[in-house]
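Structural characterization, general
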Amino acid sequence: KFPTNIRGSGLRTMLLVLRAAVVLSLGVMAECFSTPLPSGLQLRLHNQGVKAGTMRQTQLRVGQASGLRMQWREEPERWRDEPERMPFQKQWENFQSYNMGRWKGRALHLSPETGEYVEPYLTETTVDVMPMDEGVQSAKQRLSLGGKNSTVPQMSESVITVNDEFQCSDDGSYSFDRSLFSVPDSAGTYRFCIEFSLALSREERVRCLALYDFESKLSRIILYEERRILSTGSQRLIGIKLDDGPEPVARTPLTLLSCLGEFRGDAVGRRASRLGGGDLRFGSRSDMQWSQDKLRREMQVLDQRNRIARKTAWGPIDSPAESSVEMENGHRLLMLPSSCYVCLPIQLETSPTANLAADSDGSETTLSEPQADGAAAVRRALESAFGTTETESDGALMGVESFSAEFGCFVNDGKEVVRTIRIYTNDGKMASTTTMAEKRVGQPKGRNGLAYDELE
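Residues numbered from 1 in each chain as written. Predicted model: local features only at pLDDT ≥ 70, side-chain atom pairs only at ≥ 80, totals over all residues. Heavy atoms only, no water.

1. Notes on the sheet that holds strand S15 (residues 331-336)
The strand order across the open sheet built from ten strands is S13-S12-S11-S10-S21-S20-S19-S16-S15-S14, with neighbouring strands paired in antiparallel fashion. With one partner strand each, in any of the chains shown, strand S13 (308-316) and strand S14 (324-326) form the two edges of the open sheet. On average, adjacent strands in this sheet sit at an angle of 15° to one another, irrespective of strand direction. As judged from the six bridges shared by S15 and strand S16 (residues 340-345), these two strands associate in the antiparallel manner. (Pairing = 2+ DSSP bridges. Helix = DSSP H or I, 4+ residues; strand = E, 2+ residues; numbered from the N terminus. Axes fitted to C-alpha atoms, helices over the stretch in contact; angles between N-to-C directions.)

2. Points about the nonpolar core
Counting residues in each nonpolar core, the largest one holds 28 residues, and the members touching the most others are Ile 194, Tyr 212, Ile 221, Val 342, Leu 344 and Phe 407. At the level of elements, strand S1 (101-110), strand S7 (190-199), strand S8 (204-212), strand S9 (218-229), S15, S16, strand S19 (403-411) and strand S20 (416-424) are the ones that each hand at least two residues to this core. Counting residues per element, this core draws most heavily on S19, which supplies five residues. (Core = buried A, V, L, I, M, F, W, Y, C linked by side-chain atoms within 4.5 Å. Buried < 20%, exposed > 50% of the residue type's maximum accessible area, 1.4 Å probe, protein only.)

3. Re the packing of aromatic side chains
Counting across every chain of the model gives 13 aromatic pairs. Where Phe 95 meets Phe 166, the ring centres are 5.7 Å apart and the plane angle is 85°; that geometry is what we call edge-to-face. Highlighted residues: Phe 95 in helix H5 (residues 89-99) and Phe 166 in the loop between strand S4 (154-161) and strand S5 (167-168), separated in sequence by 71 residues. For the pair Phe 95 and Phe 166, one class covers both residues: buried. A centroid spacing of 5.9 Å and a plane angle of 40° characterise the contact between Phe 196 and Phe 407, whose relative ring orientation is tilted. In this pair, Phe 196 sits in strand S7 while Phe 407 sits in strand S19, placing the two residues 211 residues apart along the sequence. In textbook terms, an aromatic cluster arises when at least three aromatic residues are bridged by ring pairs, as seen for Trp 92, Phe 95, Phe 166, Tyr 174 and Phe 176. A cation over a ring is seen here: Arg 207 above Tyr 224, with NZ or CZ 4.4 Å from the ring centre. (Phe/Tyr/Trp six-rings, centres within 6.5 Å; stacked < 30°, edge-to-face > 60°. Lys NZ or Arg CZ within 6 Å of the ring centre and 35° of its normal.)

4. Thoughts on the confidence of the model for the chain
Taken residue by residue, the chain gives an average pLDDT of 75. The fraction at 70 or more is 64%. Residue range residues 388-394 is modelled with pLDDT below 50. Its contacts to residues more than four positions away, or to other chains, number seven contacts. Predicted confidence is poor over residues 443-456, with pLDDT under 50, and the contacts of this stretch with residues over four places away or in other chains come to 23 contacts. (pLDDT = per-residue confidence, 0-100. Contact = heavy atoms within 4.5 Å.)

5. Quick notes on the sheet that holds S9
Taking strand neighbours across the sheet as the criterion, the nine strands line up as S4-S3-S2-S1-S9-S8-S7-S6-S5 in an open arrangement whose pairing is antiparallel. Either end of the sheet is taken by a strand with one partner, and the two such strands are S4 and S5. Relative to S4, strand S3 (residues 138-145) runs antiparallel, the two being bridged by eight bridges. Note that in S4 the partner of Ser 144 across the bridge is Met 155.

6. Describing the environment of Ala 313
Among the secondary structure elements, Ala 313 is positioned in strand S13. Judged by its relative accessible area of 18%, Ala 313 is buried. Those residues in contact with Ala 313 that sit more than four places away from it in its chain are Leu 295, Arg 296, Arg 297, Met 327 and Glu 328.

7. Focus: unusual backbone geometry
Cis peptide bonds are those with omega within 30 degrees of zero, and the linkage from Glu 119 to Pro 120 qualifies with 5°. In this structure, Pro 120 sits in strand S2 (residues 117-131). Of note in the backbone geometry, Ser 216 takes a positive phi value of approximately 60° without being a glycine. With relative accessibility at 1%, the residue Ser 216 sits in the buried group. The phi torsion at Asp 413 lies on the positive side, around 60°, for a residue other than glycine. Following the sequence through the fold, Asp 413 ends up in the loop between S19 and S20.

8. Comments concerning the side chain of Asp 128
Within the secondary structure, Asp 128 sits in strand S2. The class of Asp 128 is buried, set by a relative accessible area of 3%. A polar atom in the side chain of Asp 128 sits 2.7 Å from the side chain of Arg 102. (Polar contact = N/O pair within 3.5 Å; in protein donor to acceptor, adjacent residues only side chain to side chain.)

In structure tokens form, the structure reads like this:
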């Protein structure tokens, strides 16, 4: 038997603890639902010797318990802790998710006039695309030339920076341009380079470099056929030893006859941020027809408001067996190997400022013809690229009329085509880029979802 006074004091202690627990529960509920406690409960809680800090700590412990978290109260703090999205974040994520890693293939050097091979003709390549520092939207691209039997492969590195001139679609296809560019298997430096990359599948892509010399003339086209390979250990780090991997899918050279017909599909476009920015998805349609001695190309887009934009271009041809067609506005349509094609301007700079020579007194005189050696063009390009005065434009092209650059590839035995079109303004900067994926249509029966039959 226990003494009566001890049993009584124990019972009173238990009642006090129970009542304190009830008050604490009411306090937690009031805190969670932002309801103040009645003054009587607050007073009794204080009289029971429970400090306000202890109650707050208890509330936090209860709030962090499993199944009792009040998500709506913690949401603002969680969003404040997340880093802000950087400019062009979407473009960088699309590029990073597809293009990072090692790609093996071959480089085809082609003439911009006929599409035939030029020296060094064909070289085996390995491309390693690696991210740079954390938080930097740039990637290092290392190009290694030479096959497995090459003891000392030739290497070069370049940096791909995601900026306003860069565009990457959801599937990883990208395009951008840069000035003063050189390639390891071609002598000299080029004034301007437009690079295209089309994702044909998860493991295969084709890239195209359109290279312009210091007189702003299309000088060379390099076509890269590449396939993703997996590399481990030191091979991935140093990027020298070539791994055994599958060869790129062999596609037949493209002919003008195989391009004829109508194609319809979807397109994704982006406008440069300096012009307002914005992404747009719309339906696309392309049609190429040959009639007697003329080639007709028509491109058409249809947005979600049923607004149509159409562009038609003509070019003289003698037969559909030709591989090069001079289109209007100074563009050339060129058939390439691996079922690819380009439509590029032959000359970029067209204003008289491209043909200036310095007199003995330091003044400049306009020449009727460009200089043969091109030394003045090289000097002007370098001064423009590295000048510090406000009149310089960081290597931008001067005296350029608005133009477009297009690269495409036919897949699935010519039944589908993937292409990218970059449109430039007269300041030599990209205005918009559109990537299209289209399928060939024969005699369509009924509507195909784009409502072209109804609108036409």
